[in-house]
Amino acid sequence: MNRRTFLKSICSLSASAWLCGFSSYAGAQEIARAAKEKDLKDYLHRMANFDKPQPGDLILNKKELTLLKSSLRRLRRVQRTVGFGNFCVLSFDDALKFARNYSSIGRFTKQELAFLDKTFHFDAHDYGFFGDKPVDKLTAAISRKELIKIPRTGNFLYRGEPHKKYLKIRKELGRKVYLTSGVRGVVKQFILFLAKAESNGGNLSLASRSLAPPGYSYHGVGDFDVGEKGLGAANFSARFAETETCVKLREHGYLQLRYPENNLLGVRFEPWHIKV
């Protein structure tokens with residue numbers, strides 16, 4: 001039972017009990033409390049096993065999975081053409097333009113465009129993801145004037161508060177900490193989300209437990225990720241929480257997390273994600 005269904009069931013129980021009298025209402029409260037405890041227990045189990053399929057996960061059918069794969073291959077060809085850093089801040093319209101103009105990429109088909117449009121506008125609550133959607137337009141563009149490229153990272157940050165916060169973190173924690181992911185536009189979030197879903201047989205719910213669906217990522221409006229040099233891919237795992245860098249981030253008050261431990265947003269714990 002997802003959170004939306006759970007709330008509807010509780011409202012229905014309470015309303016019925018109110019009509020039947022106080023004693024029934026008190027009994028319904030006990031039922032609701034038990035249901036809520038079970039729902040929370042099930043939710044915490046899913047999040048503790050975020051990278052495994054769970055009952056009720058939303059999974060693409062064969063036709064949709066084929067479209068996911070072809071769209072993802074084309075997005076990857078765009079990324080190779082424009083370069084990793086540029087792809088991070090590329091708009092959807094510009095991605096389509098590159099695809100039209102480079103035979104090595106090829107135009108997105110009508111079916112692929114319809115699939116991407118549907119994926120972007122799909123209500124992620126149905127995946128089990130309950131975060132907000134800070135970027136609500138598929139064609140939202142990021143102005144290069146608002147960005148600054150961070151040397152030796154391949155990533156950009158927004159000028160102003162995000163960049164100042166990163167510089168402050170580097171000054172206080174030292175060079176062992178570095179930027180692992182900065183600004184991410186819609187197409188960058190697409191490639192991350194679809195790749196995760198593809199590797200799990202088209203399981204969109206599983207993907208959303210690790211990665212915000214396109215439009216739902218706060219990397220599009222200012223947040224960024226940091227890691228510890230030498231840790232590699234483990235910077236995006238629970239191991240990061242045990243590092244000296246993470247301990248110092250906590251001590252200096254930077255871990256006002258977007259997705260804290262045991263959050264109720266349907267997203268795994270992300271101690272590396274800096275909220276701006």
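Cut-offs used in this document
- Residues numbered from 1 in each chain as written.
- Predicted model: local features only at pLDDT ≥ 70, side-chain atom pairs only at ≥ 80, totals over all residues.
- Heavy atoms only, no water.
- Pairing = 2+ DSSP bridges.
- Helix = DSSP H or I, 4+ residues; strand = E, 2+ residues; numbered from the N terminus.
- Contact = heavy atoms within 4.5 Å.
- Axes fitted to C-alpha atoms, helices over the stretch in contact; angles between N-to-C directions.
- Buried < 20%, exposed > 50% of the residue type's maximum accessible area, 1.4 Å probe, protein only.
- Lys, Arg positive; Asp, Glu negative; His and termini not counted.
- Salt bridge = Lys/Arg side-chain N within 4 Å of Asp/Glu carboxyl O.
- Parallel < 35°, antiparallel > 145°, perpendicular 65-115°, else oblique.
- Nonpolar A, V, L, I, M, F, W, Y, C, P; charged D, E, K, R; others polar.
- Arc of directions from axis to C-beta.
- Phe/Tyr/Trp six-rings, centres within 6.5 Å; stacked < 30°, edge-to-face > 60°.

**Q** Just to check I follow, could you spell out the sheet that holds strand β5 (residues 273-274) for this structure?
**A** Neighbouring strands of a sheet are bound in pairs by backbone hydrogen bonds; such pairs are parallel or else antiparallel. What the three strands build is an open sheet, ordered β3-β4-β5; its pairing is antiparallel. Two strands lie at the open edges of the sheet, namely β3 (177-181) and β5, each paired on one side alone. Here four bridges tie β3 to strand β4 (residues 224-228), and the two strands are oriented antiparallel to one another. By the bridge assignment for β4, Val 177 is matched with Glu 228. Strands in contact with helix α7 (residues 161-173) are β3, β4 and β5; relative to β3, the strand with the most contacts, it is inclined by about 145°. Against the sheet, helix α10 (residues 244-251) engages β3, β4 and β5, with an angle of about 130° to β4.

**Q** Could you clarify how one ought to interpret the side chain of Lys 188 in this entry?
**A** Position of Lys 188 relative to the elements: it lies in helix α8 (residues 186-198). Although Lys 188 lies buried, it forms no salt bridge, and the closest oppositely charged side chain, Asp 225, sits 10 Å away as judged by the N-O distance. Contact partners of Lys 188, with chain neighbours within four places excluded, come to Gln 79, Phe 84, Phe 87 and Cys 88.

**Q** Would you explain the packing of helix α3 (residues 62-82) against helix α6 (residues 110-121) in this entry?
**A** Angle between the axes and distance between the axes are the two parameters that describe a pair of packed helices. Put simply, α3 and α6 touch, their axes get as near as 9 Å, and they point 100° apart. On the basis of the axis angle, α3 is roughly perpendicular to α6. Of the residues in α6, those touching α3 at Glu 64, Leu 67, Leu 68, Ser 70, Ser 71 and Arg 74 are Gln 111, Glu 112, Phe 115, Leu 116 and Lys 118. Split by residue class, the contact of α3 with α6 holds four nonpolar, three polar and four charged.

**Q** Can you walk me through the pattern of salt bridges in this structure?
**A** A side chain of one charge can pair with a side chain of the opposite charge if their charged atoms are brought near each other. For the structure shown, the criterion picks out ten salt bridges. Residue Arg 74 is joined to Glu 112 by a salt bridge in which the shortest nitrogen-to-oxygen separation is 2.8 Å. In this pair, Arg 74 is assigned in helix α3 and Glu 112 in helix α6, connecting sequence segments 38 residues apart. By the burial criterion, Arg 74 is buried, and Glu 112 matches it. Across the pair Arg 258 and Asp 223 runs a salt bridge whose closest N-O atoms are separated by 2.9 Å. Taken together, the residues span a long stretch of sequence, with Arg 258 in the loop between α10 and β5 and Asp 223 in the loop between α9 (204-210) and β4 at a distance of 35 residues. Using a relative accessible area of 2% as the deciding quantity, one classes Asp 223 as buried.

**Q** What's the story with unusual backbone geometry in this structure? I'm lost.
**A** For Arg 152, which is not glycine, the phi dihedral falls at a positive 60°. If you trace the backbone, Arg 152 turns up in the loop between β1 (147-150) and β2 (155-158).

**Q** In this structure, what is going on with α10? I would like to understand it.
**A** An α-helical segment advances 3.6 residues per turn. Residues three or four places apart therefore align on the same side. All of the buried residues along α10 are Thr 245, Cys 246 and Leu 249. The buried residues of α10 occupy an angular sector of 95° when the element is viewed end-on, so they sit on one face. Looking at the buried residues of α10, the elements they touch are α7, β3, β4 and β5. Note on α10: the residue one or two positions beyond its end, Gly 253, has a positive phi of about 80°.

**Q** Is there a simple way to think about the packing of aromatic side chains in this case?
**A** Any pair of aromatic rings gets described here by the distance separating the centres and the angle formed by the planes. In this structure the tally under the stated criterion is seven aromatic pairs. Residues Phe 92 and Phe 190 carry aromatic rings whose centres are separated by 6.5 Å and whose planes lie at 40° to one another, so their mutual orientation is tilted. Of this pair, Phe 92 sits in helix α5 (residues 92-101) while Phe 190 sits in helix α8; the two residues are 98 residues apart in sequence, bridging distant segments of the chain. Each of the two residues, Phe 92 as well as Phe 190, counts as buried. Plain terms: the ring middles of Phe 236 and Trp 272 are 5.9 Å apart, the flat faces sit at 80° to each other, and that makes the pair edge-to-face. Taken together, the residues span a long stretch of sequence, with Phe 236 in the loop between β4 and α10 and Trp 272 in the loop between α10 and β5 at a distance of 36 residues. With a relative accessible area of 31%, Phe 236 lands in the partly exposed category. Classification of Trp 272 as buried rests on a relative accessible area of 2%. Among the aromatic side chains, those forming a connected cluster through ring pairs are Phe 122, Tyr 127 and Phe 193.

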